[in-house]
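# Observations on the model geometry
Each chain, letter by letter, is given below.
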Amino acid sequence: DVLDQSFKQLHGVDLITMHSSDTIINLVADGYATDPQPWMKNDMIIVGPPEDPAGIKGLTDAAAALRKIADTKSPFVVHSSLGAQEVMRSILEREQIKLDPNQLTILFTDQARNVLKIAAEKHAYSMVGRIPFRTGKLENAGMIALVQGDPRLRRPYLVAVANPAKVPDVHLPDAQRFAAYLRSPRTQRWISTYGINQIDNQPL
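Keep in mind that this is a model prediction, so the values were computed, not measured.

Glancing now at the pattern of salt bridges. For the structure on display, the rule yields nine salt bridges. For the salt bridge of glutamate 95 with arginine 152, the shortest nitrogen-to-oxygen distance reads 3.1 Å. Placement of glutamate 95 in helix α4 (residues 82–95) and of arginine 152 in the loop between β6 (144–147) and β7 (154–162) is noted, with a sequence separation of 57 residues between them. Put simply, arginine 177 and aspartate 174 hold a salt bridge, and the shortest N to O gap is 2.3 Å. You can see arginine 177 and its partner aspartate 174 sitting in helix α7 (residues 172–183), three residues apart, about one turn around the helix. Judged by its relative accessible area of 52%, arginine 177 falls in the exposed class. Assessed through its relative accessible area of 42%, aspartate 174 is described here as partly exposed. Within this structure, Asp43, Arg130, Arg134, Arg154 and Asp200 form a network of salt bridges that share partners.

Parameters at a glance
Residues numbered from 1 in each chain as written. Predicted model: local features only at pLDDT ≥ 70, side-chain atom pairs only at ≥ 80, totals over all residues. Heavy atoms only, no water. Salt bridge = Lys/Arg side-chain N within 4 Å of Asp/Glu carboxyl O. Helix = DSSP H or I, 4+ residues; strand = E, 2+ residues; numbered from the N terminus. Buried < 20%, exposed > 50% of the residue type's maximum accessible area, 1.4 Å probe, protein only.

Okay, here's the thing in structure tokens:
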């Protein structure tokens, strides 16, 4: 009902893009958007304290890193973001890695800006977005990047076009063309190299 009230006043929106999640799929299911398609992925990284008790620094295999964290029973803070939890759970389940509940701190509120502070206090590992960590949007509290580059740490973004039935002033043909542009081979090639060496040696 709250969502419905918000969207009753929605005008001038042609499309929406956000992480693949229940949120954007529910927008489609509830008739506010149509045709969700992936067009980009962003990276997550595993961060931890400088002393790195599990010895994972420099690994590019996220499963191997999580297995070392599990084997050493090193503390781990699980971000409240469902996306981060989904990425982590997918790797753990696929590789049959079990973390001891006693080594986990699971955040249930959206404390994106505090997750690293909490992890630092506990000398724990965590999984966060590479770009907000590298750019300082997330205050790192002395934590360092330890593991990145594994494709399994990527989360897709979806683009969906506004539904004329709910957003009557949508510029539908333009929105469809823009969504197609985002997914075109030429745009994809540009995305795949954009921003290399701006914050690290990976594309933004």
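What follows picks up the thread again.
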